[in-house]
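As a plain string of letters, each chain reads:
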Amino acid sequence: MYKVLKRKQKIMLKQKYFKRNGGLLLQQHLFSNEGNVEKIKLFTSKEMEKATNNRILGQGGQGTVYKGMLIDGSIVAIKKSKMVEGKKCAEKKVEQFINEVIILSQINHRNVVKLLGCCLEAEVPLLVYEFIPNGTLYDLIRNQNEELPLTWEMRLRIAIEIANALFYLHSAASAPIYHRDIKSSNILLDDKYRAKVSDFGTSRSVALEQTHLTTRVQGTFGYMDPEYFRSSQFTEKSDVYSFGVVLIELFTGQKPISAEQSEPVRSLVSYFLDSMQENSLFNILDPMVVKDGPEQEIIVVALLAKRCLNLNGKKRPTMKQVAMELELIKASGGNVMEDHGVEESEIDDIIHSWENNPSCSMSTTVTTNSVTFPLN
Ligand SMILES: Nc1ncnc2c1ncn2[C@@H]1O[C@H](COP(=O)(O)OP(=O)(O)OP(=O)(O)O)[C@@H](O)[C@H]1O
């Protein structure tokens, strides 16, 4: 009797967790045919207990990510939601989790991390992803070493892969998907250092005829589109802006916001735009880029980044244009001209000032005045 009672209690507890973790919400989506939820495996709590060891891969705003191994031997990453106080907050967290499941179930792209399944009958919801072994782009940029130099070719390839993933998301046939939190720490790197866009907790799928989303402002300071910050209207061009920030992070090696104790808060975007204005781009590049990258290619990529960072969203290129231009730059070695928004005279100006003052290119420490976040 005791054993039967215990088993019943356990089943009831699992059902309670399933409900609390958004299982019903997911079932609703399943019936309304949103996404491809049947592809997502529902793991049991027993399977998850067996799979998870306590090796933490990373910690984010939403929870902790552990390394694990499934019964079939495949290595996975398991994201465990944070326990939060208060009914409203807990509901919001669950919503974010279910949102990520629904969004990722619609996506199949080699540069987007794959969601294998989820477990909703544990105390907090768990998401199971393919394991991506080489950390984040944020760490790669900052922990370069002689064994693994981040060459110009690698940087350009990674930029193209991220751009292709975003182009794919924005042009998803039934409903475009806006990522809404593009940043280097949300780009994972696989065994061949190929980019995988991750973290879709705040992403949104929008109806085709809809041009923007009006939402509570969310995202990461330093990457966030100032136009969205002001208007609360998120458009596909807001992802383009964040991509622009990742692009300049890739070739300057600097953080989007640096707040050294002795210095005022500095935004990399303003710093970059100032250097473009003053024709001193080569002053702010990562020394490895200066050493390794073809001048013409660097300049054309910088001009593209400048267009992505235009304060007016309408003037920014689409992700389709960005992806195509980057592919073209790679294929043509930077010989991309007016057709693609690049004026030859702009390239000449930058090369001239660089040739007249080449010594400054190798300086790694650059002092600037206080630069503010460009809100207008
Ligand atoms: N599929 C994966 N494979 C390997 N490591 C991963 C994987 N997913 C996440 N990680 C690691 O866990 C860390 C945190 O993951 P993630 O950014 O998705 O969490 P989060 O709570 O959503 O963070 P955020 O604060 O950006 O919302 C990552 O920076 C990465 O190091």
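Residues numbered from 1 in each chain as written. Predicted model: local features only at pLDDT ≥ 70, side-chain atom pairs only at ≥ 80, totals over all residues. Heavy atoms only, no water.

Enquirer: Got a sec to walk through the overall build of the protein chain? Specific residues and values, please.
Expert: Secondary structure summary: the protein chain contains 13 helices and 14 strands in total. Sorting the 376 residues of the protein chain into buried and exposed places 48% on the buried side. Within the protein chain, contacts between residues separated by at least 24 positions form 66% of all contacts whose residues are at least 6 apart in sequence. (Helix = DSSP H or I, 4+ residues; strand = E, 2+ residues; numbered from the N terminus. Buried < 20%, exposed > 50% of the residue type's maximum accessible area, 1.4 Å probe, protein only. Contact = heavy atoms within 4.5 Å.)

Enquirer: An account of the domain arrangement of the protein chain is needed here, citing residue identities and associated values.
Expert: Each domain of the protein chain was delimited in the assignment, giving domain 1 (11-130) and domain 2 (135-335). With 17 residues of domain 1 at the interface, the matching set in domain 2 holds 20 residues. For the pair domain 1 and domain 2, the two sides together bury roughly 1,500 Å², of which 53% comes from carbon and sulfur. A per-residue breakdown of the area domain 1 buries against domain 2 is headed by Ile103, Asn111 and Val113, which together make up 33% of the total. Counting the contacts that link domain 1 with domain 2 gives two salt bridges. The salt bridge involving Lys79 is made with Asp199; its shortest N-O contact spans 3.7 Å. Seen at the junction of domain 1 and domain 2, the total is six residue pairs in polar contact (both at pLDDT 80 or more). Of the residues forming the side of domain 1 that touches domain 2, the biggest block, six residues, is contributed by helix H4 (residues 87-105). Looking at the side of domain 1 that touches domain 2 residue by residue, the class counts come to five nonpolar, seven polar and five charged. (Domains from an automatic or database assignment. Buried area = accessible area lost by both parts, 1.4 Å probe. Salt bridge = Lys/Arg side-chain N within 4 Å of Asp/Glu carboxyl O. Polar contact = N/O pair within 3.5 Å; in protein donor to acceptor, adjacent residues only side chain to side chain. Nonpolar A, V, L, I, M, F, W, Y, C, P; charged D, E, K, R; others polar.)

Enquirer: Help me get a handle on the nonpolar core, residues and values and all.
Expert: With 79 residues, the main nonpolar core has Leu137, Ile162, Phe243, Phe251, Phe272, Leu281 and Leu326 as its most contacted residues. If one sorts the elements of this core by residue count, helix H6 (residues 152-170) sits on top with 11 residues. For this core, the two domains that each supply at least three residues are domain 1 (11-130) and domain 2 (135-335). Excluding its chain neighbours within four sequence positions, the residues that come into contact with Phe272 are Ile248, Phe251, Leu281, Ile284, Ala302, Ala305, Lys306 and Leu309. Core analysis: the next-biggest nonpolar cluster, separate from the first, contains 10 residues, Ile78, Ala122, Leu126 and Val128 among them. (Core = buried A, V, L, I, M, F, W, Y, C linked by side-chain atoms within 4.5 Å.)

Enquirer: Explain the layout of surface pockets residue by residue, including any values.
Expert: Roughly 860 Å³ of internal volume is contained in the largest pocket. What lines the largest pocket is a set of 34 residues, among which Val65, Ser185, Asn186, Ser198 and Asp199 lie closest to the centre. Mapped by element, the contributors of at least two residues to the lining of the largest pocket are strand E2 (52-59), strand E3 (63-69), strand E4 (75-81), H4 and strand E6 (126-130). With three residues, the single largest contributor to the lining of the largest pocket is E2. Here the lining of the largest pocket is built from residues that sort into nine nonpolar, 17 polar and eight charged. For the lining of the largest pocket, the two domains that each supply at least three residues are domain 1 (11-130) and domain 2 (135-335). (1 Å grid on protein atoms, 1.4 Å probe; cavity = no way out; pocket = protein on both sides within 12 Å on 5 of 7 lines; lining within 4 Å. Points joined across faces, edges and corners; volume = space filled by probe spheres on them.)

Enquirer: Tell me about the environment of Lys3, and please be specific about residues and values.
Expert: With respect to the helices and strands, Lys3 occurs in helix H1 (residues 2-20). Lys3 gets classed as exposed once you look at its relative accessible area, which sits at 66%. Here the alpha-carbon distance between Lys3 and Glu146, two residues 143 residues apart in the chain, equals 61 Å.

Enquirer: Please set out the site of the ligand residue by residue, giving values where relevant.
Expert: Gly61, Gln62, Glu130, Ile132 and Asp199 are the nearest of the 20 residues found near the ligand. A distance of 2.9 Å separates a nitrogen atom of the ligand from a polar atom in the backbone of Glu130. Within the contact set of the ligand, an oxygen atom lies 3.5 Å away from a side-chain nitrogen or oxygen of Asn186. Within the complex, the protein chains bury 86% of what would otherwise be the 620 Å² of accessible surface of the ligand. Counting atoms within 2 Å of the grid points, the majority share of the ligand lands in the largest pocket. Secondary structure elements with two or more residues in the shell around the ligand: E2, E3, E4 and E6. Per-class residue counts for the shell around the ligand are eight nonpolar, eight polar and four charged. Inspection of the shell around the ligand shows a minimum of three residues originating in each of domain 1 (11-130) and domain 2 (135-335). (Near = heavy atom within 4 Å. Areas by Shrake-Rupley, 256 points an atom, 1.4 Å probe, with all protein chains shown as cover. Sits in = over half its atoms within 2 Å of the grid points.)

Enquirer: Explain the packing of helix H11 (residues 295-308) against helix H12 (residues 319-332) to me, and be specific about the residues and the numbers.
Expert: Contact geometry for H11 and H12: axes closest at 10 Å, N-to-C directions at 175 degrees. When the interaxial angle is binned, H11 and H12 end up roughly antiparallel. In this structure, H11 contributes Glu297, Val300, Val301, Leu304, Arg307 and Cys308 to the contact, and H12 contributes Val322, Glu325, Leu326 and Ile329. Among the residues making up the contact of H11 with H12, the classes are represented as seven nonpolar, no polar and three charged. (Axes fitted to C-alpha atoms, helices over the stretch in contact; angles between N-to-C directions. Parallel < 35°, antiparallel > 145°, perpendicular 65-115°, else oblique.)

Enquirer: With reference to specific residues and values, describe the pattern of salt bridges.
Expert: Inspection of every chain in the model, using the stated rule, returns 11 salt bridges. Where salt bridges share partners, they join Lys79, Glu100 and Asp199 into one cluster.

Enquirer: Got a sec to walk through H12? Specific residues and values, please.
Expert: The terminal C-alpha atoms of H12 lie 20 Å apart, and with 14 residues this matches the ideal 20 Å at 1.5 Å per residue to within 8%. Where H12 is concerned, the buried positions are Met319, Val322, Ala323, Glu325, Leu326 and Ile329. Seen along its axis, H12 keeps its buried residues to an arc of 165 degrees; they face one direction. Along its buried surface, H12 packs onto H6, helix H8 (236-252) and H11. Phi for Gly333, located one or two positions after H12, is positive at around 70 degrees. (Expected span 1.5 Å × (residues − 1). Arc of directions from axis to C-beta.)

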